[in-house]
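If you want the building blocks of each chain, they are given just below.
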Amino acid sequence: KTGHSAEHDKIVKEFFHAFMHENALNPMIFPALRLMETEVVSMTAAMLNGDREVVGFLTSGGTESNLMAVKTFRDYGRAQRPYIRRPNIVTPISVHPTIDKAAHYFDMDVIHTPMDKDFKADVKAIEQAINSDTVLIVASAPQFCHSVMDPIKEIGALALRKGIPLHVDACFGGFMLPWVEKLGYKIPKFDFRVPGVTSMSADVHKYGYSVKGASVILYRNADIRKHQIYAYAEWPGGLYGSPSMAGTRPGGNIASAWAAMKALGESGYMAKAREIMDITDKLKARITSIKGLCLMGEPCMSAFAIGSSDSNLNIQAVADVMETKGWKMERCQTPDCLHCSILPHHTGKADKFLDDLEASTKHCMDNKALAKKGTAGVYGMMANIPDKGIVTDFLIEFFSEVYTCK
Amino acid sequence: MMFQLIEHVVFTLVLAVLINVYYRKGPRYFLKIIVLAVKELPGVQTLIDQVLKKEVTSFVKSSTLAQDVVASKPRIVLPKSAFSSDDLHVQMGNLLKRECNTQEDGNVFAYTYTMKDEHFKLQEEAFDMFEEKTGHSAEQDKIVKEFFHAFMHENALNPMIFPALRLMETEVVSMTAAMLNGDREVVGFLTSGGTESNLMAVKTFRDYGRAQRPHIRRPNIVTPISVHPTIDKAAHYFDMDVIHTPMDKDFRADVKAIEQAINSDTVLIVASAPQFCHSVMDPIEEIGALALRKGIPLHVDACFGGFMLPWVEKLGYKIPKFDFRVPGVTSMSADVHKYGYSVKGASVILYRNADIRKHQIYAYAEWPGGLYGSPSMAGTRPGGNIASAWAAMKALGESGYMGKAREIMDITDKMKARITSIKGLCLMGEPCMSAFAIGSSDSNLNIQAVADVMETKGWKMERCQTPDCLHCSILPHHTGKADKFLDDLEAATKHCMDNKALAKKGTAGVYGMMANIPDKGIVTDFLVEFFSEVYTCK
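Residues numbered from 1 in each chain as written. Chains lettered and ligands numbered in written order. Predicted model: local features only at pLDDT ≥ 70, side-chain atom pairs only at ≥ 80, totals over all residues. Heavy atoms only, no water.

*Asks:* Just to check I follow, could you spell out the sheet that holds strand 6 (residues 329–335) of chain B for this structure?
*Replies:* The strands that make up a sheet pair up through hydrogen bonds in the backbone, lying either parallel or antiparallel. Residue and element names in this part refer to chain B. Overall, mixed pairing links the seven strands, which are arranged 1-7-6-5-4-2-3 in an open sheet. Two strands close off the open sheet at either side, each with one partner strand: strand 1 (187–191) and strand 3 (241–245). Each neighbouring strand pair of the sheet contributes to a mean axis angle of 20 degrees, computed without reference to strand direction. Summarising the sheet, strand 6 and strand 7 (residues 347–351) pair through five bridges and their orientation is antiparallel. Note that in strand 7 the partner of A334 across the bridge is V348. (Pairing = 2+ DSSP bridges. Helix = DSSP H or I, 4+ residues; strand = E, 2+ residues; numbered from the N terminus. Axes fitted to C-alpha atoms, helices over the stretch in contact; angles between N-to-C directions.)

*Asks:* It is not clear to me how the confidence of the model for chain B should be interpreted in this structure. Could you clarify?
*Replies:* Parts of the prediction with low pLDDT should not have their coordinates interpreted in detail. On average, residues of chain B carry a pLDDT of 85, and 89% of them reach 70 or more. Here the complex is predicted with pTM 0.87, and the ipTM for its interfaces comes to 0.87. (pLDDT = per-residue confidence, 0-100.)

*Asks:* Could you clarify how one ought to interpret the pattern of salt bridges in this entry?
*Replies:* Opposite charge on two side chains allows them to pair when their charged atoms are near. On inspection of all chains with the given rule, the structure shows 45 salt bridges over all chains. One salt bridge in this structure joins A:D107 and B:R206, with 3.7 Å as the shortest N-O distance. One end of the pair, A:D107, is in the loop between helix 4 (98–105) and strand 3 (109–113); the other, B:R206, is in helix 9 (residues 194–212), on a second chain. Neither residue differs from the other here; A:D107 and B:R206 are each classed as buried. Put simply, A:R331 and A:D320 hold a salt bridge, and the shortest N to O gap is 2.7 Å. With A:R331 in strand 12 (residues 330–332) and A:D320 in helix 10 (residues 315–324), this residue pair connects regions lying 11 residues apart in the sequence. The network of salt bridges with common partners includes A:K71, A:R74, A:D75, A:R78 and B:D239. (Salt bridge = Lys/Arg side-chain N within 4 Å of Asp/Glu carboxyl O. Buried < 20%, exposed > 50% of the residue type's maximum accessible area, 1.4 Å probe, protein only.)

*Asks:* Would you explain the UniProt feature "modified residue: N6-(pyridoxal phosphate)lysine" (unreviewed entry) in chain B in this entry?
*Replies:* All names here are of chain B. Those residues carrying the UniProt feature "modified residue: N6-(pyridoxal phosphate)lysine" (unreviewed entry) are K338 in this numbering. For K338, the position within the fold is in the loop between strand 6 and strand 7. With relative accessibility at 19%, the residue K338 sits in the buried group. (UniProt positions renumbered as here; feature names shortened; annotations may be inferred.)

*Asks:* I tried to follow the UniProt feature "modified residue: N6-(pyridoxal phosphate)lysine" (unreviewed entry) in chain A on my own but got confused; where do I start?
*Replies:* UniProt feature "modified residue: N6-(pyridoxal phosphate)lysine" (unreviewed entry): in the numbering of this structure it lies at A:K206. For A:K206, the location among the structural elements is in the loop between strand 6 (197–203) and strand 7 (215–219). Looking at A:K206, the relative accessible area reads 15%, which means it is buried. Ignoring anything within four residues of it in the chain, the contact list for A:K206 reads A:C171, A:F172 and B:Y113. (Contact = heavy atoms within 4.5 Å.)

*Asks:* In this structure, what is going on with unusual backbone geometry? I would like to understand it.
*Replies:* Note on backbone geometry: most residues besides glycine have negative phi, and most peptide bonds are trans. For the bond from A:T334 to A:P335, the omega torsion is 5 degrees, close enough to zero to count as cis. Its place among the elements puts A:P335 in the loop between strand 12 and strand 13 (337–341). Of the consecutive residues B:T466 and B:P467, the connecting peptide bond is found in the cis state with omega at 5 degrees. A positive phi angle, close to 55 degrees, is found at A:S147, a residue other than glycine. In this fold, A:S147 is placed in the loop between strand 4 (134–140) and helix 6 (152–162). Residue B:N181 is not a glycine yet carries a positive backbone phi of 60 degrees.

Quick look at the structure:
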């Protein structure tokens, strides 16, 4: 029931019956799914310190959440300022590529601002980059590359001052930071407690430990969220409405996301966070003691990036050696480093990883030629290519080749 | 003399610009400009493309994906007859061996956050409870579910970490392409559903159109009003216009109207095989010829019909050509999770060739987090959907699909025959395949009122507007229910003929009222308000 009045219920129910094709999520046919979705959103909003006004939707993943945020604020921006010719987003270079993808899809520009020397967003640079066509600022909590927190409070204050919406991409950190904070680690405010924040994304299928295919997009209030909803009234097939990018949404993902959160509860998430932070702290301590290695910036929560503190040591070469030992390393560029998300399956593997890492580092220090071979060599070459368009073309060619049945 | 002067001036200007760039933006940017300029020279881009292709192929050959690249492998098509469950279990084991075992090895630093523990098991149970059945049969459900569970843990974001997922995806695409009479050039991707397939087609042809004709200011799509709303949604997302053309009196796309609507900013024509409302086929051959003549891509939305029409055709029904046999067709979408009987969350988008498909791929090289590429809308993609789509097709094969199509067409034929015999009812146009729309042939009979009565008898009716009619997709779960439906329909019709006031009540009344609203914007606002209200936790 909508909870208003019997007459209201009646007319709304009639309209319910009046439409909805093609959408397995007809809320009247599957009221349980609708209930579960709204509860997942409500639990996530509360976890991120949003009040009762904060609303949102479930999506298929972080990409869809971020895409929807961008689309929403493009339309919101145009509604607020109809004179905007070509809307743009101002965001640090460390933001996840889904924001650039969104801009590409929705015909917008992205103005990338630099990180400071600690890999946090440079707030002054953001302020200078904002212009009259800016419809959105995006910051990360934390940014994925180095697991470093952007200064959300300062950016939020800036956003408020300029009257521009601020989306906080917490896809990675949304389901871990609240517990890390409660565990006593020093975490700057990053969520709806910051007044300038108008939206947040958080993936249930990362540290929410749900099955793949569940993420949450949250907006400060229902008026903003309406700009995400697509409605079309002129189809002969009937009235058509769709809350997010997908049409048909599998009921299974909604149910499992709901089950995942209910089954763990605060205590479950706290315990998991404690475990993972223990491994993380141990790794960080040992890594910083290995000659030639360092951590990039001040990583918060359960991830970090390993870099080289010695000009004789090429970190990509270290990754090559690690891969011969069976590890799959996540490589970053500009500057070169290795991203490590600490995950549940790392329990009991930390020591082996550290031993292998120490050995690999020593091996590379002693064999500087390795920096020119293997994937390290490729990364070195790519860093020298002045026109990144060639690299982009290579990536497209790669995907075109890989996704062909041979 | 004059010519030499101009030459000097131009040269000096270029030099001045370059020096300016060097001093203001630095040597790296200067080099970038030089490279970009060189790329503009004739032949250079082609040379670069050739080198890239060579580098990529050798890179792939030397990677974990190498064992999938076999020199003269026969083309992967739907097996003639179904693979047995035992066969598939063996194949499942082989596929799983290829994958990164994150739980056992713990050697990956991204992609999977779940462990195969009690918590995961609980989620699997919740998932099973609420995921729709494939609708084909209990055996199909079982094997599809097994595959889903086996790969549920995996993430298709990185094809190098989970090569079995990549293999299964490319095979599903290949089987679908062959089923739709595409040759070996036809390539595609798996998506989460028809919406994503259609969205990607529109995005691809927007970018393709712009690459071909950079002068386009605001790209538009020309398509009949009967096309699925995902096309309008796509245009809204990707900042394009849609020019809707009317249906003819038989509810097929009016080809002349499409021709007249095309202008210099048109980047795409979309036609449906069939259109969902009335299950009527658009004249794909004629539209294809028009598209070729005008040099405009044609996307055929076969989300609904893609996995049924090929069998209906093979069964002997008269189906006009609708797929890659029509030369003008540049892309098609087909949902595996409709008549392909896979779990929800699987559809295929196909393109005529790899060059067109490249415009769908998004690549970004400047992220500090590393090189990023993504073939479709989603980033992370659940492995379960890919695996179950693969299993669904292998477990049925041509014979399985034909058998089911025969069953469903029998029910459909029977229903169509009886409905046309009921006084006051008619079918809208000439529906092909396993669906149709029921309309009123009597001005005294309001079909929406009939639907209201049917709903009191427990049926959920799909209502269409302009003109009013009721859409019926015949699905596997209708086996054995046809007679009851027809009896109830006959009774409901008679009841409404005798009680004309019903046309003003219930949902029939709502539809009547809505038809009178001149500004559909009000209805659109209502829809937005409806979703806003419904998706709030109260």
